[in-house]
Amino acid sequence: MKQTILVTGGTGFIGSHTTVELQNAGYKVVIVDNLSNSQASVIDGIEKITGVRPAFEQVDCRDMDAMDKVFAKYPDIEGIIHFAASKAVGESVEKPLLYYRNNIVSLLNLLELMPKHGVKGIIFSSSCTVYGQPDPENLPVTEDAPIKPAESPYGNTKQINEEIIRDYINSGADIKAILLRYFNPIGSHPSSIIGEMPNGVPMNLIPYVTQTAIGIREQLKVFGNDYDTPDGTCIRDYIYVVDLAKAHVKAMERVLDTDSDKLEVFNVGTGHGVSTKQIIDAFEKATGVKLNWAYAPRRAGDIEKVWANPEKANKVLGWKAETSLEDTLRSAWNWQKKLREEGIQ
Ligand code: NAD
Ligand code: WQD
């Protein structure tokens, strides 16, 4: 058995998939989640897939005393993967203080508790949102591209959290950290036992696509067809959530088992820019389902095009996105059908 890892936000979308991959790789996992955006039944799903039930504590990362008790209860914790955060960009504009408190206080508590409880490393969930719209010469975007002013309080919390971790390590703190900048995570576990559970009307493209395909939404609106891209629609780097989860296992091995630098940053993307229109075509091809969609005006604040240069993660972490877009979209569709079968959506 490898080391014990605390996964905050472990019943959420990316956290649940990462717990599966950590357990498959032999790590012991303790999940902390306040269930503000997920369900406790996800633990059953993780057990069903892996045969191992992770420890689970329903605790809020903002609660310093409760987090202190978690570390005291599980003294073997050596690493943290910190997913717990509020993540809805639009909501963050309406409720900025909620976002600043949740996303910043949670990290501060973890960082303060790490040395006290002998926790050596932390992997932080950052985002390509820190790059804003990269200048044309910086596409595909590397980790050295300039950080642009944040477009939302949510995006700002990611930038501030990166700076907090950097400042803390620069102060001589005896911890190591890896910042993983995710591009657009999509899809669900191939078993369809765990997956993405959007709240209300989805803001993200793929859940909107699958909900339209199954008839929950009438029509997908493609926001803008006059961008400076080959087909006029926006370009993103869509990364399969299971591939993304595996990047965390590699990052954890690097933090705990090697003498790597105390702070490192990696892009986690495929390296391929895909347009919204190409997503629709690929979804129809992969599933055989015809989507009802139409062009609509641009969405305020959208980035025109961004995709990753993932070479650093490929070389240094020894990680590469492996799953095809078609397989990824099929996994999202299978998950949507499973939700329907269970009467959930
Ligand atoms: P998610 O909402 O599915 O998962 C987050 C989990 O954290 C939820 O289960 C929620 O209940 C929990 N949580 C929130 N605040 C908490 C708190 N104070 N204490 C304990 N638990 C708390 O989101 P996700 O898509 O899995 O995202 C995980 C992380 O990755 C987040 O930090 C997010 O900002 C980051 N990220 C996500 C994306 C994306 O597109 N999904 C992209 C880049 C970065
Ligand atoms: C993708 C593309 C839309 C819905 C957001 C956050 C970002 C990051 C990932 C966390 C865009 C288009 C979408 C629809 C559409 N999260 N679209 N019709 O905007 O890249 O990023 O999630 O860090 O911070 O901002 O992802 O899935 O919302 O959109 O045409 O109904 O799909 O315009 O081009 P985005 P998305």
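Bear in mind that the values here come from a model prediction, so they are computed numbers and not experimental data. (Residues numbered from 1 in each chain as written. Chains lettered and ligands numbered in written order. Predicted model: local features only at pLDDT ≥ 70, side-chain atom pairs only at ≥ 80, totals over all residues. Heavy atoms only, no water.)

Chemist: Looking at this structure, how should I read the site of ligand 1?
Modeler: The full set close to ligand 1 counts 28 residues, and Asp33, Asn37, Ser38, Asn102 and Tyr154 are the nearest of them. Between ligand 1 and Cys61, the relevant distance is 2.9 Å, taken from a nitrogen atom to a main-chain nitrogen or oxygen of the residue. Burial of ligand 1 by the protein amounts to 95% of the accessible area it has alone, namely 820 Å². Looking at the shell around ligand 1, the elements with two or more residues in it are α1 (13–24), α5 (96–116), β5 (121–127) and α6 (153–170). Among the elements that line the shell around ligand 1, the one with the most residues is β5, at three residues. When the residues that make up the shell around ligand 1 are grouped by side-chain class, the tally is 11 nonpolar, 12 polar and five charged. (Near = heavy atom within 4 Å. Polar contact = N/O pair within 3.5 Å; in protein donor to acceptor, adjacent residues only side chain to side chain. Areas by Shrake-Rupley, 256 points an atom, 1.4 Å probe, with all protein chains shown as cover. Helix = DSSP H or I, 4+ residues; strand = E, 2+ residues; numbered from the N terminus. Nonpolar A, V, L, I, M, F, W, Y, C, P; charged D, E, K, R; others polar.)

Chemist: Help me understand the pairing of strand β6 (residues 176–182) in this model?
Modeler: Working note: regular strand, side chains alternate between the two faces of the sheet. With seven of its seven residues buried, β6 lies for the most part within the structure. Neither face of β6 is exposed, since Lys176, Ile178, Leu180 and Tyr182 on one face and Ala177, Leu179 and Arg181 on the opposite face are all buried. Where the polypeptide runs from β5 across α6 and back to β6, its parallel neighbour, the crossover connection is right-handed. (Buried < 20%, exposed > 50% of the residue type's maximum accessible area, 1.4 Å probe, protein only. Right-handed = clockwise from strand over helix to strand, strands pointing away.)

Chemist: Whenever I open this one, the environment of Thr4 confuses me. Can you help?
Modeler: By secondary structure assignment, the location of Thr4 is in strand β1 (residues 4–8). Setting aside its immediate chain neighbours within four residues, Thr4 contacts Lys28, Val30, Asp76, Ile77, Glu78 and Gly79. (Contact = heavy atoms within 4.5 Å.)

Chemist: What is the right way to read the UniProt feature "domain: NAD(P)-binding" (unreviewed entry) in the chain from this model?
Modeler: Mapped onto this numbering, the UniProt entry gives "domain: NAD(P)-binding" (unreviewed entry) at residues 6–330. Here residues 6–330 runs as 39% helix and 17% strand, with 31 Å between its end C-alpha atoms. (UniProt positions renumbered as here; feature names shortened; annotations may be inferred.)

Chemist: Help me understand the site of ligand 2 in this model?
Modeler: Around ligand 2 sit 19 residues, and of these Ser127, Tyr154, Lys221, Arg236 and Asp302 come closest. At 2.8 Å from an oxygen atom of ligand 2 is found a side-chain nitrogen or oxygen belonging to Ser127. At 2.8 Å from an oxygen atom of ligand 2 is found a main-chain nitrogen or oxygen belonging to Leu205. With the chains in place, 87% of the 690 Å² that ligand 2 exposes on its own is no longer accessible. Elements with a minimum of two residues in the shell around ligand 2: α7 (205–213) and β8 (220–223). If one sorts the elements of the shell around ligand 2 by residue count, β8 sits on top with four residues. Taken together, the residues that form the shell around ligand 2 break down as 10 nonpolar, five polar and four charged.

Chemist: Would you mind showing me how to read the sheet that holds strand β11 (residues 263–268) here?
Modeler: Whether parallel or antiparallel, the strands of a sheet pair through hydrogen bonds between backbone atoms. A sheet is described by the order of its strands in space; here seven strands give the open sequence β3-β2-β1-β4-β5-β6-β11, paired in parallel fashion. The open sheet has two free edges, formed respectively by β3 (55–57) and β11, since each of these has just one partner strand. Each adjacent strand pair in this sheet contributes to an overall mean axis angle of 20 degrees, direction not counted. Taken together, the three bridges between strand β2 (residues 28–32) and β3 define a ladder with parallel strand orientation. Bridge pairing in β3 places Val32 opposite Glu57. (Pairing = 2+ DSSP bridges. Axes fitted to C-alpha atoms, helices over the stretch in contact; angles between N-to-C directions.)

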